[in-house]
Amino acid sequence: MTTLPVGIDDIAASTTSLMFPLAALAAAHDTSAGKYHRGIGQDEMSVPADDEDIVTLAARAAAPIIERHGSEGIRTLLLATETGIDQSKAAGVFVHDLLELPPNVRVVELKEACYSATSALQFALGIVARNPDEKVLVIASDVARYELDSSGEATQGAGAVAMLVAAHPRVLEIEPASGLFTENVHDFWRPNDRTTALVDGRYSVTVYLRAMEVAWQDYRERGGSPIDTISRICFHQPFTKMAAKAMQKLAKTAGLEDSAKAVSDLADTMTLNRRLGNTYTASSYMALLSLLEAGSLGDGERVGIFSYGSGAVAEFFTGVLVRGYREQLRTGDLTAMLDARREISYSEYRERHIAADRTGNFDTVHETLGNFRFAGVRDSIRVYEKTDNSPRA
Ligand code: CAA
């Protein structure tokens, strides 16, 4: 029996219009910048402008995909996030509207911390396998926020990745084997009455590594490929150094001889993430985009993806790069967005962090460089609009 090839047919990403450098955070906290740059492996964090949120990020990421392929065949939109904007309504419904998708689309939101984009991808593969004419738009969109002056503060960030999942994909064919892990733990969570996450930082690192080992073993037991046939692994990157820690551990568990090379090779999965900060559920796919854009792997090479969501759920799976995958990419687009962000000072960063907690009805200031904006809350309804991206005074 031949199986239908299914996987990622297109991928695009977005980030916000503001940036806060970690060197400035280090100076304000009287800490060495080396702790952030080398110790956790982060240089910058993306910060949302007043009129940006997970909906505008998601629409900005997905728009180039719709522009290239049209909406024909898309009958499902799955939006994964842990930065929910409503307790009931799916954020994807706003995105569906902004992208002008037809009404015959099922739209739903998925949540399990930083893991949910992977569940969305797996569900999408199932839908496409059953209905090969259909496509699924999977979007991961998050704004990572911790309390000011907390240990997690240096690992904030924001961004979105959109992926078109289809039969006969042109970027990454996802293989069937997959390794899973779930355990009820409290390493990181965000109660409904909070806008910032609660985290036991060191413990979360321990659980991440344990989840990775269990998911890897399950992947192998279910027919997954040996470690030496996997060219690169895109780990979830709450901070890029976490991927290096994970690779070291996996090399030992899986019996990879040259673990130092495997760790240094991970650099091409970290380029974007070092500048974005933690993008929560988009993070593993930002790592994938970094790798694809680096162009260091050839057609037919195998890529591993490790997805971890605190709480905790994890999954390890693999895909094979499709012949000609580089031609599908928009290499440099996300880097251009990163370069275009306006750098903010420490005092502006703090003011914005506090202002982001406002409630009730309000109008936002027009700041975004993107084509979609969050205009504010009117009569308790979030209002979104399209805009041109011409420079504003
Ligand atoms: N130069 C170079 N390195 C330096 C340095 C310097 N001047 N100063 C310190 N370092 C190193 C330290 O040696 C340490 O390295 P190791 O981890 O290899 O030991 C590293 O920098 C970090 O230093 P600390 O451990 O002292 O840092 P910290 O305790 O202040 O914060 C953290 C680390 C707990 C992970 C914190 O960033 C945090 O709470 N982050 C949020 C939680 C998180 O990201 N968890 C990850 C797993 S959970 C997950 O993945 C889900 C998710 O997205 C949240």
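It should be noted that the structure appears before, not after, this text.
The rules behind the values
Residues numbered from 1 in each chain as written. Predicted model: local features only at pLDDT ≥ 70, side-chain atom pairs only at ≥ 80, totals over all residues. Heavy atoms only, no water. Helix = DSSP H or I, 4+ residues; strand = E, 2+ residues; numbered from the N terminus. Rg over C-alpha atoms; globule rule 2.2 N^0.38 Å. Contact = heavy atoms within 4.5 Å. Areas by Shrake-Rupley, 256 points an atom, 1.4 Å probe, with all protein chains shown as cover. Lys, Arg positive; Asp, Glu negative; His and termini not counted. Charge placed at Lys NZ, Arg CZ, Asp CG, Glu CD. Axes fitted to C-alpha atoms, helices over the stretch in contact; angles between N-to-C directions. Parallel < 35°, antiparallel > 145°, perpendicular 65-115°, else oblique. Left-handed = near helix turned anticlockwise from the far one by under 90°. Pairing = 2+ DSSP bridges. Expected span 1.5 Å × (residues − 1). Buried < 20%, exposed > 50% of the residue type's maximum accessible area, 1.4 Å probe, protein only. Right-handed = clockwise from strand over helix to strand, strands pointing away.

Side note on the overall build of the protein
When helices and strands are counted, the protein shows 12 helices and 17 strands. Against the 2.2 N^0.38 benchmark of 21 Å for 393 residues, the protein shows a C-alpha radius of gyration of 20 Å, consistent with a compact globule. Here the contacts in the protein between residues at least 6 apart in sequence split such that 75% fall between residues at least 24 apart. In the form shown here, the protein has an accessible surface area of approximately 16400 Å², with 49% of it arising from carbon and sulfur atoms. Between the averaged position of the 40 positive side-chain charges in the protein and that of its 53 negative side-chain charges there is a distance of 2 Å.

Looking at the packing of helix 3 (residues 54-69) against helix 4 (residues 91-98)
The geometry of helix 3 relative to helix 4 is characterised by a closest axis approach of 9 Å and an angle of 45° between their N-to-C directions. If you check the angle between helix 3 and helix 4, you find them oblique. Helix-helix and strand crossings are classified by hand; for helix 3 and helix 4 the assignment is right-handed. Seen from helix 3, the contacting residues are Ile54, Val55, Ala58 and Ala59; seen from helix 4, they are Ala91, Phe94, Val95 and Leu98.

Here's the deal with the sheet that holds strand 3 (residues 44-47)
Reading across the sheet, the 3 strands line up as 3-2-14 and stay open at both edges, with mixed pairing between neighbours. The two strands at the open ends of the sheet, each matched to only one other strand, are strand 3 and strand 14 (342-343). Sheet topology places strand 2 (residues 18-21) next to strand 3; 4 bridges connect them, and they run antiparallel. Counterpart to Phe20 in the pairing with strand 3 is Met45. Each of strand 2, strand 3 and strand 14 is contacted by helix 12 (residues 346-355), which is oriented at about 120° to strand 2, the strand it contacts most.

Considerations on helix 10 (residues 283-294)
Taking 1.5 Å as the rise per residue, helix 10 with 12 residues should run 16 Å; its terminal C-alpha atoms sit 16 Å apart, in good agreement. Helix 10 sits mainly inside the fold: 11 of its 12 residues count as buried. Buried within helix 10 we find Ser283, Ser284, Tyr285, Met286, Ala287, Leu288, Leu289, Ser290, Leu291, Leu292 and Glu293. Note on helix 10: the residue one or two positions beyond its end, Gly295, has a positive phi of about 70°.

What about the pairing of strand 5 (residues 106-110)?
Here strand 4 (residues 74-80) pairs with strand 5 via 5 bridges, running parallel. Opposite Ala80, over in strand 5, you have Leu110 as the bridge partner. Viewed along the sheet, the connection from strand 4 through helix 4 into strand 5 turns out right-handed.

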